Amino acid sequence: MLKDVTLGQYLPGNTLLHKTDPRMKLIITVLFIVSVFVASNLYALLALLAFSVILIFVSKLSPKIVFRGLKPIIFIVIFTSVVSIFWKKGENLLFSFWKIEIYEEGIMYALMIALRIIVLIMGTNVLLSYTTSPIALTDGLEQLLSPLKKIKIPVHDFSMIMTIALRFIPTLIEETDRIMSAQRSRGADFSTGSLIKRAKALIPIFIPLFASLIRRADELAVAMECRCYVGDNGRTSMNKLKYSARDFIVLFVMIAVGVGVFFIGKYTGGPKF
């Protein structure tokens, strides 16, 4: 399961999405998220799902890697969907037992909730995480938020913290997997027994994991000090970001998709949120 977590991983490429300015990718990612929440019925969500699949092929990413990244959220999707089935009431009663009632509207509502989560994770990963390097993401986020420096907000520090956190997610997963493998070789069992027993079996992992994280953080701090890192003071960028016609074409496409999703949700039938 740990190996299925792909958040924070950058997959190099030479496609349209890879070449898009990181500032523009941050903007279109926000627009995509807004579009996901604007989608008000099943058809609108299916349109966004189709758009996400198109993005996978445009960016020439392996569908296997993208869909593998959805495995860690399967439990969340299932749990949220099951709760939604019993939460949503309607007119078409399908099943009733004691105080438990299941309506056709509840099943459709659960389906749309699950689809919304899947589309949200898939689209944002493709638009931002998989196609943007951590360095480009830092530069783009810092320059996009640079107007906030006028009101004394530490934009550079915020951007650096966010990027380091994303960069260390794969490292954290790799370290956890290594410690668990070492514990298994010593007879530890993480997959059998009751939930409480399995939770207790994870306790010996936390101490070496936290020790390793503290050591890595200390090594990173020393490395940054050795390179005379002083934050934003007097700092210049090696790569100057410039918008191109390609970036505005991508923005126009994303706006068109958002407007299309809005009208699909407004003027088509089907279950609505």
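This text follows the structure it describes.
Residues numbered from 1 in each chain as written. Predicted model: local features only at pLDDT ≥ 70, side-chain atom pairs only at ≥ 80, totals over all residues. Heavy atoms only, no water.

### A closer look at the overall build of the protein chain
The secondary structure content of the protein chain amounts to 11 helices and two strands. Order of helices (α) and strands (β) in the protein chain, N terminus to C terminus: α-α-α-α-α-β-β-α-α-α-α-α-α. Expressed along its principal axes, the backbone C-alpha trace of the protein chain runs to roughly 70 × 60 × 40 Å. A separation of at least 24 residues holds for 75% of the contacts in the protein chain among residues at least 6 apart in sequence. When the accessible surface of the protein chain is split by element, carbon and sulfur atoms take 70% of a total near 16700 Å². In the protein chain, which carries 31 positive and 18 negative side-chain charges, the distance between the mean positions of the two groups comes to 3 Å. (Helix = DSSP H or I, 4+ residues; strand = E, 2+ residues; numbered from the N terminus. Contact = heavy atoms within 4.5 Å. Areas by Shrake-Rupley, 256 points an atom, 1.4 Å probe, with all protein chains shown as cover. Lys, Arg positive; Asp, Glu negative; His and termini not counted. Charge placed at Lys NZ, Arg CZ, Asp CG, Glu CD.)

### Considering the pairing of strand β1 (residues 93-97)
Here β1 pairs with strand β2 (residues 100-103) via four bridges, running antiparallel. Across the sheet, S96 pairs through a bridge with E101, a residue of β2. Between β1 and β2, which follow one another and run antiparallel, lie two residues, and W98 among them has a positive phi close to 55°. (Pairing = 2+ DSSP bridges.)

### Let's talk about unusual backbone geometry
In the Ramachandran plot, K60 falls in the positive-phi region, its phi being about 55° despite a non-glycine side chain. Mapping K60 onto the fold places it in the loop between α3 (42-58) and α4 (63-68). Owing to a relative accessible area of 72%, K60 belongs among the exposed residues under this scheme. The backbone of K152 sits at a positive phi, close to 65°, despite the residue not being glycine. Overall, K152 belongs to the exposed group, its relative accessible area being 75%. (Buried < 20%, exposed > 50% of the residue type's maximum accessible area, 1.4 Å probe, protein only.)

### As for helix α10 (residues 203-226)
In this model α10 runs 35 Å from its N-terminal to its C-terminal C-alpha over 24 residues, within 8% of the 34 Å that 1.5 Å per residue would give. What α10 keeps buried is the set I205, L209 and S212. Of the surrounding elements, those touching the buried residues of α10 are α8 (155-185). (Expected span 1.5 Å × (residues − 1).)

### Brief notes about the environment of L31
With respect to the helices and strands, the residue L31 is situated in helix α2 (residues 22-38). Judged by relative accessible area, L31 falls into the partly exposed class, the value being 28%. A C-alpha to C-alpha distance of 20 Å links L31 and D139, two positions 108 residues apart in sequence. The contacts of L31, once residues within four sequence positions are left out, are L251, M254 and I255.

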